[in-house]
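Report on the structure
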Amino acid sequence: MTGIGTGTGQARGYDLSAGLTVREALDLPCLGGARLVAGARGGARRIRVVNIMEVPDIVRWMRGGELLLTTAYAVRDDEAALTALVPTLAGRGLAALGVKIGPYLPELPPQMLALGDRLGFPVIALPGDVMFNDILSEVLGTVLNRHALELEQSRALHERLTAVAVEGGSYQELMNVLLELSGCAVAVHDRQGGVLASAGAPPRDVPATATRPLDTGLRRGGAVALWADGGARLTPHQRMALDHATTVACMIAAQEQAAASRQQHYRTTLLTDLVSRAPRDRSDTLSRAAALGWNLRLPRAAVLLEATAADGSAPLPGPLFEERLLSLVRGAAGPQALLWGNQTGLAGLLEPGDSLPARCQALHTAVTAAHPDWNVVVAAGTEQSDFAAYHRSYEEAVQTLGLGREVHGDDFVRTYADMGVYRLLGQVPSVELRRMVDDALGPLIDHDARTDGALVETLGAYLLQDRNGVAAAARLHIHYNTLRYRLRQIERLTGGLERHAMARLQTELAVYAQRLLTVRESG
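Residues numbered from 1 in each chain as written. Predicted model: local features only at pLDDT ≥ 70, side-chain atom pairs only at ≥ 80, totals over all residues. Heavy atoms only, no water.

1. Regarding the overall build of the chain
Secondary structure assignment for the chain yields 16 helices and 19 strands. Relative to its length of 523 residues, the chain is extended, with a C-alpha radius of gyration of 40 Å against a globular reference of 24 Å. Dimensions along the principal axes, computed over C-alpha positions, put the chain at roughly 130 × 55 × 40 Å. Sorting the 523 residues of the chain into buried and exposed places 46% on the buried side. For the chain, contacts bridging at least 24 residues in sequence account for 68% of all contacts bridging at least 6. Positive and negative side-chain charges of the chain, numbering 51 and 56 respectively, have mean locations separated by a distance of 3 Å. (Helix = DSSP H or I, 4+ residues; strand = E, 2+ residues; numbered from the N terminus. Rg over C-alpha atoms; globule rule 2.2 N^0.38 Å. Buried < 20%, exposed > 50% of the residue type's maximum accessible area, 1.4 Å probe, protein only. Contact = heavy atoms within 4.5 Å. Lys, Arg positive; Asp, Glu negative; His and termini not counted. Charge placed at Lys NZ, Arg CZ, Asp CG, Glu CD.)

The structure is reproduced here in structure tokens:
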């Protein structure tokens, strides 16, 4: 066996379908006397390479797309072996079999021809005086020329389309160029199937003739679609244009993702600065915010929203959870809201509008209306008219969230103004709060530490329930007699809760201060 090939027939994701068909090859001068004697249905098979058969085990060398030429000398006396070549070669994906009719093989077996017709595998009867080298040279030269032309067209298409991305073009500009190159209606869709850009008025109720998925490596989803006129099959040129346009669309998507990532970094950095401390340079902060389109001259309050499933876990995986919450609350948060995600939910700097509690309740309703099985907490700091004080509102929101969970459980809406005495205690340094707690509750804290007891927790629940023993026992999930026993211990260790008004006030304040310290130390 001898042969010359052109490669695998693949080039950067599209098949080299501009090669020579069997029917076209029969029109070449080198095959002027040849006849297609079987398998006419396979006349559109494309020739990738020309090989010459000299030995019977030729099949194991075949890769597909070959025009196989033979004198059949090796099987001239074995009609069954010659006939068996047809299904074997067809199964290997050959383009056609050309057999020289001459002194070795005066005619082809009828069974062989019938099998070629049934399989649609072309069998060509070659004149006895034909030279295989002439066929090999002319057919292969034509195939190579066509491939070279196709590659040149591919290069020109690639350069034309890539220029759109290099010059900072948009999806719309890309679709305009693809329409010009393909002559077909085209569109690019996002991950949800929405149209990002289109050209040539693609029909809404007709499926695309061909689509190519978008995959930037970091994110998959979306597609470039093309509609051929009348549902016709795409030409090689149109397929090539669609493939290259998809590559460029992925480049544009990657550029957008990179830009979004940079902007997200700038957003996160500035938001972190705003809620962490007073700005060191007001003008610099204002200019950075203006570059992001933010108006920091509006009064805002920091708001924290967290959602959990019934078992206390995150309802959805991280990225999906953040995207879901953002989509639900964006309308309720207001047009000027600055929102960002965290591990357990969302944070935001929001305009209070007519009522900060009403704004917070709207956020809570927006989430629970869509997910009634979720527990949702919303906590807000006080409104600040100066952006230099946004960090104070954020600190208050954090305190409100922590204390709110302890006092109100896993589903509530509270502002810092609702926290009563905690607003006063929140202004006291932790050192002073600790001194207040030790003075009033020191004996109880020591007792709990020694015995693994719960006297401090019991006192807090008792005071929270306005000294209602039955309600306090229910909140603590203990028997009423157990509560009475603990209260007697508390009376003994503190000298009496009711001994005088100042002592009662100091004890109650110490309970609230202990809760505030717990929140501060856990944060």
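Following the structure, the description resumes.
2. Let's talk about the nonpolar core
Counting 30 residues, the largest nonpolar core has L441, L444, L459 and L483 as the members making the most contacts within it. Within the residue set of this core, elements represented by two or more residues are α11 (421–425), α12 (430–451), α13 (455–464), α14 (469–476), α15 (480–494) and α16 (501–522). The element best represented in this core is α16, accounting for seven residues. Look past the residues within four positions of L483 in its chain and what remains in contact with it is T458, G469, A472, A473, L476 and I478. (Core = buried A, V, L, I, M, F, W, Y, C linked by side-chain atoms within 4.5 Å.)

3. A look at the packing of aromatic side chains
Summed over the entire model, instances satisfying the criterion amount to two aromatic pairs. Measuring from centroid to centroid gives 4.9 Å for Y73 and Y104, while their planes differ by 75 degrees, and the two rings are edge-to-face. Residue Y73 is found in the loop between β8 (66–70) and α2 (79–91), and its partner Y104 is found in the loop between β9 (96–100) and α3 (110–119); the two are separated by 31 residues along the sequence. With relative accessibility at 45%, the residue Y104 sits in the partly exposed group. Note on F321 and W374: the rings are 5.9 Å apart at their centroids and 75 degrees apart in plane angle, and the pair reads as edge-to-face. Here the residue F321 occupies a position in helix α8 (residues 318–333), and W374 occupies one in the loop between α9 (356–370) and β18 (375–380), the gap between them amounting to 53 residues. Both residues of the pair, F321 and W374, belong to the buried class. A cation over a ring is seen here: K100 above F132, with NZ or CZ 4.8 Å from the ring centre. (Phe/Tyr/Trp six-rings, centres within 6.5 Å; stacked < 30°, edge-to-face > 60°. Lys NZ or Arg CZ within 6 Å of the ring centre and 35° of its normal.)

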